[in-house]
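Here are the chains, one letter per residue:
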Amino acid sequence: MAVPLKLPLVPAAFFGMVLGLSGLGNTWRAATRVWHLPAAIGETITFVSVAVWAVLMVLYALKWAAAREEALKEVLHPVQCCFIGLVGVATMLVAGGLLPYSRVGAETLYILGAIYTLAFAVWRTGVLWQGERDVAATTAVLYLPTVAGSFVTATVAAALGFPDWGQLFFGAGFFAWLAIESALLHRLLTAPALSPPLRPTLGIQLAPPTVGAVAYISVTQGPPDMLVHAMIGYGVLQALIMLRLLPWIAKEGFSPAYWAFTFGATALATAPLRLIDRGDTGPVSQLAPILFIAANITVGLIAIATIWLIANRKLTIGWADLSRGDAGAVRQR
């Protein structure tokens, strides 16, 4: 006998909320070290991210237990499937957030998250390499399994005291980023425009250079070098392009897909602060306050809008549009 499901069928993409909140918590932790801001703010944001992660993990597990058909549809979807990799990425970020409080707990979560992330990235990339995909299904979500997963694996590995392992994962993420970006830009430049429901996923475009910069800082020592400055510079360029495209992206109004902007925005604020902590006094020190304020505004506005959707029971409604995506993106490989 079928059990009626009353809990919301949360998509894996909702783990992007954990990425944004964890990222902001890390930004405040860095700002506390550099500018001596109240430590309680960063720790509170970090624990909020842990709470959101815990709730989403329970709901997502229940989705597989009670609505397996819906969960499998997500796995087979050409766009939504990549978000499934965020389960492991979010788990590793939570591990990093909990590290000051429990090393054993942090290591356990990190190992589980890293194994899941690597396994999913290998599986998903293997599917992609077989081809036969509609070009409309090529979106910035392709960065999530290999690029975001590898960079976060590297960052948290270094925090746990394993920078050599982190360097290996940084390399995996860095070269995957360059390869995927060329394919994605070719799609954006030559194929039909993204459908309105998919346009907010462009926010992920901000993440590779900025999250990569944080990973690079984490796995290296010594004074800042040209590469990390270059990655931050490219991240600033991506942010400016996003601002220029915002009216076009926001054509259909707000949806939870806008959390795609938050991880890159917070990483763009964190990287300069990490460099200042190392003694950098160049342009990044002048950009740091602006980027810090921008990251807080970005996450704050998106969080408020999300709370409004939750209060009005509309949180998952807009996601149906994203699941449809481009009309031609229904052919899965």
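Under an unreviewed UniProt entry, the name given to the protein chain is Dicarboxylate transporter/tellurite-resistance protein TehA, and the source organism is Rhizobium mayense.

Engineer: What exactly am I supposed to notice about the overall build of the protein chain here?
Structural biologist: Helix and strand content of the protein chain: twelve helices and zero strands. Counting helices and strands in the order they occur from the N terminus, the protein chain gives α-α-α-α-α-α-α-α-α-α-α-α. At 19 Å, the protein chain has a C-alpha radius of gyration in line with the 20 Å of a compact globule built from 333 residues. Seen through its principal axes, the protein chain has C-alpha atoms that stretch 60 × 45 × 35 Å. For the protein chain, with 333 residues in total, the buried portion stands at 53%. Pairs at least 24 apart in sequence give 80% of the contacts found in the protein chain among residues at least 6 apart. Surface exposure of the protein chain reaches about 15,000 Å², of which carbon and sulfur atoms provide 71%. Once the 20 positive and 15 negative side-chain charges of the protein chain are each reduced to a mean point, those two points are 7 Å apart.

Engineer: I tried to follow the side chain of Glu-43 on my own but got confused; where do I start?
Structural biologist: Considering the arrangement of structural elements, one finds Glu-43 in helix H2 (residues 39-66). At a separation of 2.9 Å, a polar atom in the side chain of Glu-43 contacts the side chain of Arg-29. When residues no more than four places from it in sequence are discounted, the contact partners of Glu-43 are Arg-29 and Tyr-101.

Engineer: Looking at this structure, how should I read the UniProt feature "transmembrane region" (unreviewed entry) in the protein chain?
Structural biologist: UniProt marks residues 7-28, 40-62, 83-102, 108-129, 141-162, 226-246, 258-276 and 288-311 with the feature "transmembrane region" (unreviewed entry), using the numbering shown here. End-to-end, the C-alpha atoms of residues 40-62 are 33 Å apart, and along that stretch the chain is 100% helix and 0% strand. Helix makes up 100% of residues 226-246 and strand 0%, and the two end C-alpha atoms of the span are 30 Å apart.

Engineer: Would you mind going over the layout of surface pockets with me for this structure?
Structural biologist: Unfilled space is identified by rolling a water-sized probe across the atoms. Estimates place the volume of the largest pocket at around 580 Å³. Looking at the largest pocket, it is lined by 22 residues, and the ones nearest its centre are Ala-239, Leu-243, Ala-265, Ala-294 and Thr-298. With nine residues, the single largest contributor to the lining of the largest pocket is helix H11 (residues 283-311). Within the lining of the largest pocket, the residues separate by chemical class into 21 nonpolar, one polar and no charged.

Engineer: What is the right way to read empty space enclosed by the protein from this model?
Structural biologist: This model, assessed by the stated rule, comprises two cavities of 30 Å³ or more. Size it by volume and the largest cavity reaches roughly 220 Å³. In terms of lining residues, the largest cavity is bounded by 21 residues, among which Leu-19, Leu-86, Leu-144, Ile-204 and Ala-260 are the most central. Elements with a contribution of two residues or more to the lining of the largest cavity: helix H1 (16-35), helix H6 (143-159) and helix H8 (207-219).

Engineer: Even after reading the chapter, I still don't get the packing of aromatic side chains, so can you show me in this structure?
Structural biologist: Geometry of an aromatic ring pair is reported as the spacing of the ring centres plus the angle between the planes. In this structure the tally under the stated criterion is 14 aromatic pairs. Aromatic pair Phe-174 and Trp-177: ring centres 5.7 Å apart, planes at 85°, arrangement edge-to-face. A residue pair is termed a helical-turn pair when its members lie 3 or 4 positions apart in one helix, as Phe-174 and Trp-177 do in helix H7 (residues 163-190) at three residues. Each member of the pair, Phe-174 as well as Trp-177, carries the same accessibility label: buried. Where Phe-254 meets Tyr-258, the ring centres are 5.5 Å apart and the plane angle is 25°; that geometry is what we call stacked. Among the residues examined, Phe-254 registers a relative accessible area of 32% and is labelled partly exposed.

Engineer: Just to check I follow, could you spell out the packing of H6 against H7 for this structure?
Structural biologist: Between two packed helices, the angle of one axis relative to the other and the distance separating the axes together describe the packing. Put simply, H6 and H7 touch, their axes get as near as 8 Å, and they point 155° apart. One element, H6, and the other, H7, form an angle in the roughly antiparallel class. The hand of the H6/H7 crossing is left-handed. Of the residues in H7, those in contact with Tyr-143, Thr-146, Val-147, Ser-150, Phe-151, Thr-153, Ala-154, Ala-157 and Ala-158 of H6 are Pro-163, Gly-166, Phe-169, Phe-170, Ala-172, Gly-173, Phe-174, Ala-176, Trp-177, Ile-180, Glu-181 and Leu-184. Tallied by class, residues from the contact of H6 with H7 come to 15 nonpolar, five polar and one charged.

Rules used in this analysis
- Residues numbered from 1 in each chain as written.
- Predicted model: local features only at pLDDT ≥ 70, side-chain atom pairs only at ≥ 80, totals over all residues.
- Heavy atoms only, no water.
- Helix = DSSP H or I, 4+ residues; strand = E, 2+ residues; numbered from the N terminus.
- Rg over C-alpha atoms; globule rule 2.2 N^0.38 Å.
- Buried < 20%, exposed > 50% of the residue type's maximum accessible area, 1.4 Å probe, protein only.
- Contact = heavy atoms within 4.5 Å.
- Areas by Shrake-Rupley, 256 points an atom, 1.4 Å probe, with all protein chains shown as cover.
- Lys, Arg positive; Asp, Glu negative; His and termini not counted.
- Charge placed at Lys NZ, Arg CZ, Asp CG, Glu CD.
- Polar contact = N/O pair within 3.5 Å; in protein donor to acceptor, adjacent residues only side chain to side chain.
- UniProt positions renumbered as here; feature names shortened; annotations may be inferred.
- 1 Å grid on protein atoms, 1.4 Å probe; cavity = no way out; pocket = protein on both sides within 12 Å on 5 of 7 lines; lining within 4 Å.
- Points joined across faces, edges and corners; volume = space filled by probe spheres on them.
- Nonpolar A, V, L, I, M, F, W, Y, C, P; charged D, E, K, R; others polar.
- Phe/Tyr/Trp six-rings, centres within 6.5 Å; stacked < 30°, edge-to-face > 60°.
- Axes fitted to C-alpha atoms, helices over the stretch in contact; angles between N-to-C directions.
- Parallel < 35°, antiparallel > 145°, perpendicular 65-115°, else oblique.
- Left-handed = near helix turned anticlockwise from the far one by under 90°.

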